[in-house]
Amino acid sequence: MIQGPMPISRRQLAASLLAAADIADRHAIAAFIADAATQPAPNPFPLTSVGAVRQIWRQRAAEFQSFDVEALGLSCLLAAMSNMDVDEALVQEIVRAGPHTANVFHRGDGCWIVGAVLYGKPGTGLPVLAKSRHKHPAPSFRSRTRRDAGQLDLFARA
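The model shown is predicted, which means the values in this text are computed figures rather than measured ones.

Trainee: Help me understand the overall build of the protein, please; the structure alone is not making it clear to me.
Mentor: Check the secondary structure of the protein and you find five helices and six strands. Counting helices and strands in the order they occur from the N terminus, the protein gives α-α-β-β-α-β-α-β-β-β-α. Per-residue burial for the protein yields a buried fraction of 37% across its 158 residues. Taken as a whole, the protein presents about 10,100 Å² of accessible surface, with 56% of it coming from carbon and sulfur.

Rendered as structure tokens:
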């Protein structure tokens, strides 16, 4: 059983989220968490359980659809919860910037992220996050191959 939530920095939370390969929208959610404008929000229930998270977020999924609320990570969170024991303890982290909120669920050490959801208020789109600081991304294998004169790219689209 989890004794109490460990303090976790936004930076650590974002890094742990990036490592969670099963969360499809992890890059966008992590960028939101890492943004300087994002701050910890009041968290009335930091200690929770898989059963409580399932119930709350299934209800929120229906509400989000009814009220046209955009969300990232919700389907991954619900899928992860469906494979877990309802009595399993989780810790919830909540961060907010303006009309946007991210709820992140982990096992108590902040390292293994079970799921995360980023959403805005009804009628508010998801946050537009700054692009990477690198002006030019590292060339991919495919882009390097195309530049090599005389190299035939069998997978190039006509």
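Trainee: Mind showing me how you'd approach helix α3 (residues 50-66) here?
Mentor: Given 3.6 residues to a turn, an α-helix orients residues that are three or four positions apart in the same direction. The end-to-end C-alpha distance of α3 is 24 Å, a good match for the 24 Å that 17 residues give at a rise of 1.5 Å each. Residues of α3 that are buried make contact with β2 (47-49), β3 (71-72), α4 (74-82), β4 (89-97), β5 (100-106) and β6 (113-120). A positive phi of about 55° marks D68, the residue just after α3.

Trainee: Explain the nonpolar core here, please?
Mentor: One recurring pattern in soluble globular proteins is that nonpolar side chains are buried together. Among the nonpolar cores identified, the biggest contains 18 residues, and L17, I29, F32, I33 and I113 are the most heavily contacted of them. The leading source of residues in this core is helix α2 (residues 26-34), at four residues. Apart from the residues within four sequence positions on either side, F32 is in contact with T38, V95, R96, A97, H100, T101, A102, L118, P127 and L129.

Trainee: What is the right way to read the side chain of T38 from this model?
Mentor: Topologically, T38 is positioned in the loop between α2 and β1 (39-40). There is a polar contact of 2.6 Å between the side chain of T38 and the backbone oxygen of F32. Those residues within four positions of T38 in sequence are excluded, and the remaining contacts are R10, F32, I33, V95, R96 and A97.

Trainee: Is there a simple way to explain the packing of helix α1 (residues 10-18) against α2 in this structure?
Mentor: If you want to describe how two helices pack, look at the angle between their axes and the distance between the axes. Viewed as axis vectors pointing N to C, α1 and α2 meet at an angle of 175°, and their least axial separation amounts to 8 Å. The angle between α1 and α2 places the two elements in the roughly antiparallel class. Residues R10, L13, A14, L17 and L18 of α1 form the contact with α2, whose own contacting residues are R26, H27, I29, A30, I33 and A34. Considered class by class, the residues forming the contact of α1 with α2 number eight nonpolar, one polar and two charged.

Trainee: Is there a simple way to explain the confidence of the model for the protein in this structure?
Mentor: When pLDDT drops low, the exact placement of atoms in the prediction is not to be read closely. Per-residue confidence for the protein gives a mean pLDDT of 84; residues scoring 70 or more make up 78%. Ignoring residues within four places in sequence, the model shows residues 132-150, a span with pLDDT below 50, making six contacts including any to other chains. Throughout residues 152-156 the model reports pLDDT below 50, and contacts reaching past four residues in sequence, or to other chains, amount to three contacts.

Trainee: What is the right way to read unusual backbone geometry from this model?
Mentor: In most cases, non-glycine residues show a negative phi, while peptide bonds are predominantly trans. Its identity as a non-glycine residue notwithstanding, D68 has a phi of 55°, on the positive side. Looking at where D68 falls in the secondary structure, it is placed in the loop between α3 and β3. Since its relative accessible area comes to 57%, D68 is described here as exposed.

About the cut-offs
- Residues numbered from 1 in each chain as written.
- Predicted model: local features only at pLDDT ≥ 70, side-chain atom pairs only at ≥ 80, totals over all residues.
- Heavy atoms only, no water.
- Helix = DSSP H or I, 4+ residues; strand = E, 2+ residues; numbered from the N terminus.
- Buried < 20%, exposed > 50% of the residue type's maximum accessible area, 1.4 Å probe, protein only.
- Areas by Shrake-Rupley, 256 points an atom, 1.4 Å probe, with all protein chains shown as cover.
- Expected span 1.5 Å × (residues − 1).
- Contact = heavy atoms within 4.5 Å.
- Core = buried A, V, L, I, M, F, W, Y, C linked by side-chain atoms within 4.5 Å.
- Polar contact = N/O pair within 3.5 Å; in protein donor to acceptor, adjacent residues only side chain to side chain.
- Axes fitted to C-alpha atoms, helices over the stretch in contact; angles between N-to-C directions.
- Parallel < 35°, antiparallel > 145°, perpendicular 65-115°, else oblique.
- Nonpolar A, V, L, I, M, F, W, Y, C, P; charged D, E, K, R; others polar.
- pLDDT = per-residue confidence, 0-100.

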